[in-house]
Every structure is written in structure tokens, then in C-alpha cells.
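These are the residues of each chain, in order.
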Amino acid sequence: MINVIISGAPGSGKGTQSDLIVKNFRLKHLSTGDMLRNEIAAGTELGKQVEKLVSGGLFVPDSIMIDIIANAIQKVDNSYNGLILDGFPRTVEQAQALETILEQQGKKITVFLDIHVDEAELIERLLKRGQIYGRTDDNLETIKERLKAYSSKTQPISDFYKKKNNYYQIEGNGTIEEIYGKIEDIITACNL
Ligand code: ADP
């Protein structure tokens, strides 16, 4: 069983790398950003509740996110070798709740991947993505809000995983293939 957390600032390439990881290691991809965007697009009660927060680059409350992820993890069937969490945990409180959720299901985190990219590069990537895909949160004002939330609330969870000895920081400024190569080596080594 391989259970991966992929973390990093908005625009660091979590989604892109997750796609490659799930294919090669046969993991279930759980992206909280995708889940929220699907709820918003479908116009569900939850979607309506979170729409303004997401488009403003603000975090959805921990209690809501913890429920969403607990349900999603429970639904992962045995045909997968494990799961990859992309976008969760984003706060120390979420990281602590995740411990309990996994423990209850007899699972644990194999590796925490922290992709590091310079801020100027992040902003450039997100603005470009906004032009191509039109995500409502990929505009300069909201990008700045998301980067602020990342450094104040998400970066502190690194210490939580460093203490568990399964923390790896990855330089995320290269090509997609170069970065994936480093990630593949780490996951393979952690799974021996
Ligand atoms: P990015 O990493 O590029 O910011 P995501 O797709 O992971 O994008 O998330 C988009 C938005 O969804 C976030 O800005 C936030 O509003 C919301 N969100 C996703 N995951 C969480 C979470 N674990 N806790 C709080 N809010 C979240």
C-alpha cells in the first residue's frame, strides 16, 4: 500500500505530477480542488456553500474539508495500490484529523512530497493557466490571496511531517519529466 501526500504552493505542479504518479503506481487520485470545482459546477448545496470562498482564493472551513476527505478515502476500492492526496491537508488541523481518519481505516502515509517553486515562477504559471483554462481563481488578486494562505497556513504542516521522517522536498523548477523522475525515485525507495 502506497499512500502519498503531494503538497506545494498553488501552481507548483501538484496536479500534473499526480496524473503521472497515479498512472505509474496505480493509485487513486483524490484532489480536493477538483472535488470542490465539480460540486460548484453541478450546483449542489455544498457547491453553493463554497463557491465564493474558492473563487476568492480563501480556504473552505476545516470541518467541511475533513468530512469530504474522510468520505472520499472510505470509498477507495481495493483495486488500487493506495491513494494520493492532492490539496489536502492544507492546515495543521486537517493534518491532525487525517491521522485519525487513516488510523481508523488501518492506513498510513508512506511519503509526504513537498514541491518547491519560486514565487515569481508560480505567479507566471498561474496567470498562464488562467488564460488557457479560465479558472476563476487564476487572476492576479486571487493568486496573491492563495499564496498568502499557503505560506501562513499550509507551509507549517511541513514540520508535522518532518517529525515523522517521511518528508521530502523536491525542487519543482525543472521540466515535468525531470521532476517526475525525482518523485518516482522517492516513492520507489519509500515503498521498499
Ligand atoms: P491550487 O493548489 O492551485 O490553489 P486547488 O485546486 O488545490 O488549487 O484548490 C483550489 C481551491 O479549493 C483553494 O484555493 C481553496 O479555496 C479550496 N480548497 C481545496 N482544498 C482545500 C482544503 N484542503 N482546505 C481548504 N480549502 C481547500
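In this report, the structure presented in the accompanying data block is examined. For clarity, every value in this text was computed on a predicted model and none was experimentally measured.

1. Side note on the sheet that holds strand S2 (residues 28-31)
Backbone hydrogen bonds hold the strands of a sheet together, and the pairing may be parallel or antiparallel. Spatially, S2-S3-S1-S4-S5 is the arrangement adopted by the five strands of the open sheet, whose pairing is parallel. Two strands bound the open sheet, and with one partner strand each, they are S2 and strand S5 (167-171). Along the sheet, successive strands turn relative to each other by an average axial angle of 20°, direction set aside. Here S2 pairs with strand S3 (residues 82-86) via four bridges, running parallel. Within S3, the position partnered with His-29 by the bridge is Ile-84.

2. Here we look at helix H3 (residues 45-55)
Among the residues of H3, Gly-47, Val-50 and Val-54 are the ones counted as buried. What you see down the axis of H3 is that its buried residues fit within an arc of 90°, all on one side. The outward face of H3, more than 90 degrees from its buried face, is lined by the exposed residues Glu-45, Lys-48, Gln-49 and Lys-52. Along its buried surface, H3 packs onto helix H2 (32-42). Looking one or two places after H3, you find Gly-57, whose phi comes out positive at around 80°.

3. What about the nonpolar core?
In terms of nonpolar packing, the biggest core is built from 28 residues, with Ile-73, Leu-85, Leu-98 and Tyr-161 touching the most fellow members. Those elements that place two or more of their residues in this core are H3, helix H4 (62-75), S3, helix H5 (92-104) and helix H8 (157-162). With seven residues, the single largest contributor to this core is H4. Setting aside its immediate chain neighbours within four residues, Tyr-161 contacts Ile-5, Pro-89, Ala-95, Leu-98, Phe-112, Asn-166 and Tyr-167. Membership of the second largest hydrophobic core comes to 25 residues, among which are Ile-21, Val-117, Ile-143 and Ile-170.

4. Considering the pairing of strand S1 (residues 2-8)
Walk down a regular strand and you will see the side chains alternate between the two sheet faces. When you tally the buried positions in S1, you get seven out of seven residues, the bulk of the element. What you see with S1 is no split at all: Ile-2, Val-4, Ile-6 and Gly-8 on one side and Asn-3, Ile-5 and Ser-7 on the other are buried throughout. The pairing of S1 with S3 spans five bridges and is classified as parallel. Pairing of Ile-6 across the sheet is with Asp-86, part of S3. Pairing analysis gives five bridges linking S1 to strand S4 (residues 111-116), with the strands arranged parallel.

5. Things to note about the pattern of salt bridges
Applying the stated criterion to the full structure yields eight salt bridges. In this structure, the salt-bridge partner of Arg-125 is Glu-121, at a minimum N-O distance of 2.9 Å. You can see Arg-125 and its partner Glu-121 sitting in helix H6 (residues 119-133), four residues apart, about one turn around the helix. Take Arg-125: its relative accessible area is 23%, and that puts it in the partly exposed class. A relative accessible area of 28% places Glu-121 in the partly exposed class.

6. Description of the pairing of S4
Where burial is concerned, most of S4 is hidden: five out of the six residues are buried. Strand direction decides the pairing type here: S4 and S5, joined by five bridges, are parallel. Each residue of the ladder has a partner; that of Phe-112, found in S5, is Tyr-167.

7. A few points about the packing of H2 against H3
Their axes nearest at 8 Å, the elements H2 and H3 cross at an angle of 115°. Crossing handedness for the pair H2 and H3: left-handed. When H2 is examined against H3, the residues Leu-36, Glu-39 and Ile-40 are found in contact with a partner set consisting of Leu-46, Gly-47, Val-50, Glu-51 and Val-54. Here the contact of H2 with H3 is built from residues that sort into five nonpolar, one polar and two charged.

8. Quick look at the site of the ligand
Surrounding the ligand, one finds 18 residues, the nearest of these being Lys-14, Thr-32, Arg-37, Leu-58 and Gly-87. One nitrogen or oxygen atom from the side chain of Thr-32 is found 2.8 Å from a nitrogen atom belonging to the ligand. The side chain of Arg-90 places a nitrogen or oxygen atom 3.1 Å from an oxygen atom of the ligand. Protein chains shield 97% of the accessible area of the ligand, which is 550 Å² for the free molecule. When residues of the shell around the ligand are assigned to their parent elements, the largest contribution, four residues, is made by H2. Class assignment for the residues of the shell around the ligand results in eight nonpolar, four polar and six charged.

The rules behind these values
Residues numbered from 1 in each chain as written. Predicted model: local features only at pLDDT ≥ 70, side-chain atom pairs only at ≥ 80, totals over all residues. Heavy atoms only, no water. Pairing = 2+ DSSP bridges. Helix = DSSP H or I, 4+ residues; strand = E, 2+ residues; numbered from the N terminus. Axes fitted to C-alpha atoms, helices over the stretch in contact; angles between N-to-C directions. Buried < 20%, exposed > 50% of the residue type's maximum accessible area, 1.4 Å probe, protein only. Arc of directions from axis to C-beta. Contact = heavy atoms within 4.5 Å. Core = buried A, V, L, I, M, F, W, Y, C linked by side-chain atoms within 4.5 Å. Salt bridge = Lys/Arg side-chain N within 4 Å of Asp/Glu carboxyl O. Left-handed = near helix turned anticlockwise from the far one by under 90°. Nonpolar A, V, L, I, M, F, W, Y, C, P; charged D, E, K, R; others polar. Near = heavy atom within 4 Å. Polar contact = N/O pair within 3.5 Å; in protein donor to acceptor, adjacent residues only side chain to side chain. Areas by Shrake-Rupley, 256 points an atom, 1.4 Å probe, with all protein chains shown as cover.

Honestly, it's all geometry; don't read function into it.
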